[in-house]
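Examining the three-dimensional arrangement
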Amino acid sequence: MPLEDGDPARRRGQQVNGEVSGTPWLGGTGNPPLRGTPAPDGSGTEAMAALGDGDVIPGRASQREGQEPERRGEALMAELSELVQKVVKSSSWWDRHGVDISILTCSFLLLPAGFLCLQSAQAIPFLTGVLTLGVVHHTLTVKGSHLASHNALTESKSWGKVWAIFFIEICSAFTAEQATYNHVKMHHGYTNVIGLGDSSTWKLPFLNRYVYMFIAPLAVPIITPLVALDLLRNVEWKAALRTLCCMFLGLYCHYWLLLHVSGFQSPWSALLCMLLTRSLLAHPYIHVNIFQHIGLPMFAADRKPKRIHLMSLGVLNLPRNALLDWSFGHSLISCHVEHHLFPSLSDNMCLKIKPVVSQYLKQKKLPYNEDTYSSRLRLFLQRYEELMVHAPPITELVGIQ
């Protein structure tokens with residue numbers, strides 16, 4: 001099973017606490033240079049002078065010196081990839097895909113119970129229904145969409161496309177093409193690279209810290225389809241038409257079930273319930289997306305380190321949490337470093353390779369960033385202006401390459 005995305009991903013990044021990490025490519029091929037950006041090795045500056053036998057051209061000497069860290073980074077990534085590949089090859093289909101498919105299936109099976117609980121006029125059954133539908137919604141839209149965008153639910157590209165449309169467009173009310181491009185190509189391709197994968201789309205500098213962290217997330221269910229509609233300008237008309245139909249189908253089915261199964265008497269009460277269930281875990285969703293990258297080292301596009309250094313420096317793991325592990329998946333919570341290194345692996349496989357990856361990075365004296373949810377929350381409240389409003393500084397590569 002391949003451990004990397006088939007397309008050369010463009011990489012973007014974020015800062016969180018001065019540590020850095022990125023997504024290495026198997027085989028140690030490194031990241032593709034950006035069109036129009038200078039090569040990071042400084043080639044093309046060789047001295048033009050007549051030298052005698054045995055003389056060393058300064059430009060070539062510095063070029064060779066600059067290639068040594070690159071070779072080391074590629075060698076480290078190749079060695080780690082080989083260790084992970086052994087774990088993957090020795091794993092069953094259940095480990096590679098079955099566990100996560102079962103979680104998504106269980107979520108679907110809980111839908112009828114959630115809608116039926118909302119029929120009750122009593123507080124406890126009604127709140128149980130809200131909680132059930134809220135958890136199911138985020139499991140399908142966050143975990144399901146994330147796995148589908150990386151084609152981690154199946155080894156078939158055709159079925160992967162079907163699941164991406166289902167989870168991203170029908171369940172999440174977003175466009176599959178733009179979601180895959182922004183996340184896989186940009187965020188994973190250029191993790192923590194300024195202007196490309198630096199998670200700047202998550203920043204709203206006109207909001208103060210408390211509004212952003214605690215109030216704005218409630219608007220995610222409304223903002224998501226509106227952003228999707230705006231992005232449809234960037235896709236072909238056939239894909240745009242398909243996305244519109246899928247988005248309408250998903251939203252209307254939710255609305256129809258609340259009216260005809262849960263028994264809501266007015267359209268406004270049904271819409272309010274839709275907003276409540278779809279924003280139930282919006283706060284941790286926003287928090288997780290900024291905690292694990294913003295505040296870590298940032299890099300210029302023409303001076304970013306090799307993949308293994310980029311990912312070990314710019315990505316951070318949060319502790320395991322039963323609710324978030326189920327709803328968001330291990331690759332977004334406690335195995336985010338592993339996910340950025342090997343993005344095509346499922347949540348369960350990321351959890352399975354975690355001991356191998358953490359031990360290897362620590363053994364090679366590379367960063368393996370971990371922190372608690374509460375610690376990150378305090379950090380962002382204290383340093384909100386620095387992390388979320390002002391432009392992050394570019395990290396110097398001294399000591400990294």
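Residues numbered from 1 in each chain as written. Predicted model: local features only at pLDDT ≥ 70, side-chain atom pairs only at ≥ 80, totals over all residues. Heavy atoms only, no water.

A short note on unusual backbone geometry
Located in the positive-phi region is Ala-173, a residue other than glycine, with phi close to 60°. Locating Ala-173 in the fold gives a position in the loop between α4 (157-171) and α5 (176-187). Despite not being glycine, Asn-192 shows a phi value in the positive range, around 65°. Considering the arrangement of structural elements, one finds Asn-192 in the loop between α5 and α6 (209-215). (Helix = DSSP H or I, 4+ residues; strand = E, 2+ residues; numbered from the N terminus.)

What about helix α15 (residues 373-382)?
The complete set of buried residues in α15 reads Ser-375, Arg-376, Leu-377, Leu-379 and Phe-380. For α15, the secondary structure elements touched by its buried residues are α6, α10 (282-291), β1 (316-317) and α16 (384-389). (Buried < 20%, exposed > 50% of the residue type's maximum accessible area, 1.4 Å probe, protein only. Contact = heavy atoms within 4.5 Å.)

Topic: the UniProt feature "transmembrane region" (unreviewed entry) in the chain
Listed under "transmembrane region" (unreviewed entry) in the UniProt record, and renumbered for this structure, are residues 210-232 and 239-261. When the span residues 239-261 is considered, its composition is 96% helix and 0% strand, and the gap between its end C-alpha atoms is 32 Å. (UniProt positions renumbered as here; feature names shortened; annotations may be inferred.)

Some details on the pattern of salt bridges
The final tally for this structure, using the stated rule, is 14 salt bridges. Between Arg-96 and Glu-155 there is a salt bridge, with the nearest N and O atoms lying 3.2 Å from each other. Linking Arg-96 in helix α2 (residues 93-117) with Glu-155 in the loop between α3 (123-149) and α4, this pair joins segments that are 59 residues apart in sequence. By relative accessible area, which is 17% here, Arg-96 ends up buried. Residue class for Glu-155 comes out partly exposed when judged on its relative accessible area of 49%. Measuring nitrogen to oxygen at the nearest pair gives 3.2 Å for the salt bridge that ties Glu-177 to Lys-161. Here Glu-177 is found in helix α5, whereas its partner Lys-161 is found in helix α4, with 16 residues between them in sequence. Because the salt bridges share partners, they merge into one network encompassing Lys-161, Glu-169, Glu-177 and Arg-242. (Salt bridge = Lys/Arg side-chain N within 4 Å of Asp/Glu carboxyl O.)

A look at the confidence of the model for the chain
Counting all residues, the mean pLDDT for the chain is 85, and 82% of those residues have values of 70 or more. Predicted confidence is poor over residues 4-62, with pLDDT under 50, and the contacts of this stretch with residues over four places away or in other chains come to 199 contacts. (pLDDT = per-residue confidence, 0-100.)

Concerning the side chain of Thr-175
Considering the arrangement of structural elements, one finds Thr-175 in the loop between α4 and α5. Setting aside residues no more than four positions away along its own chain, Thr-175 makes contact with Ile-168, Glu-169, Ala-228, Leu-231, Leu-232, Val-235 and Thr-243.

Examining helix α14 (residues 347-363)
Compared with the 24 Å implied by 1.5 Å per residue over 17 residues, the 24 Å span of α14 between its first and last C-alpha is a close match. The largest bend in α14 amounts to roughly 45° and is located at Ile-353, with the proline Pro-355 lying one to four residues further along. Along α14, the residues classified as buried are Asp-347, Asn-348, Met-349, Cys-350, Ile-353, Lys-354, Val-357, Ser-358, Tyr-360 and Leu-361. Just past α14, the residue Lys-365 takes up positive phi, approximately 60°. (Expected span 1.5 Å × (residues − 1). Bend = angle between axes of the 7 residues up to and from the residue.)

What to know about the nonpolar core
Across soluble globular proteins, nonpolar side chains have a tendency to be buried as a group. Residues Ile-308, Leu-341, Phe-342, Val-357 and Leu-361 are the most contacted members of the largest nonpolar core, which totals 25 residues. Contributing elements (two or more residues each) for this core: α1 (58-89), α11 (307-314), α13 (336-341) and α14. Formed by 18 residues, the second largest nonpolar core is a distinct cluster that contains Val-136, Ala-148, Ala-152 and Ala-176. (Core = buried A, V, L, I, M, F, W, Y, C linked by side-chain atoms within 4.5 Å.)

Things to note about the environment of Arg-303
Mapped onto the elements, Arg-303 comes out in the loop between α10 and α11. A relative accessible area of 38% places Arg-303 in the partly exposed class. On a C-alpha basis, the gap between Arg-303 and Val-193 in space is 9.1 Å, while along the polypeptide they are 110 residues apart.

A closer look at the layout of surface pockets
Considering only enclosed or pocket space, the largest pocket measures out at about 1400 Å³ in volume. Secondary-structure elements contributing two or more residues to the lining of the largest pocket are α3, α5, α7 (220-231) and α10. Within the lining of the largest pocket, the residues separate by chemical class into 23 nonpolar, 20 polar and two charged. (1 Å grid on protein atoms, 1.4 Å probe; cavity = no way out; pocket = protein on both sides within 12 Å on 5 of 7 lines; lining within 4 Å. Points joined across faces, edges and corners; volume = space filled by probe spheres on them. Nonpolar A, V, L, I, M, F, W, Y, C, P; charged D, E, K, R; others polar.)

Section: a nonpolar patch on the surface
A cluster of nonpolar side chains, contributed by Ile-222, Ile-223, Leu-226, Val-227, Leu-229 and Leu-244, occupies part of the molecular surface with about 510 Å² of accessible area. When residues in the nonpolar patch are grouped by element, the largest group, five residues, is from α7. Relative to the helices and strands, Leu-229 resides in helix α7. (Patch = residues over 30% accessible without salt bridge, like charges linked within 9 Å, V, L, I, M, F, W, Y side chains within 5 Å. Areas by Shrake-Rupley, 256 points an atom, 1.4 Å probe, with all protein chains shown as cover.)

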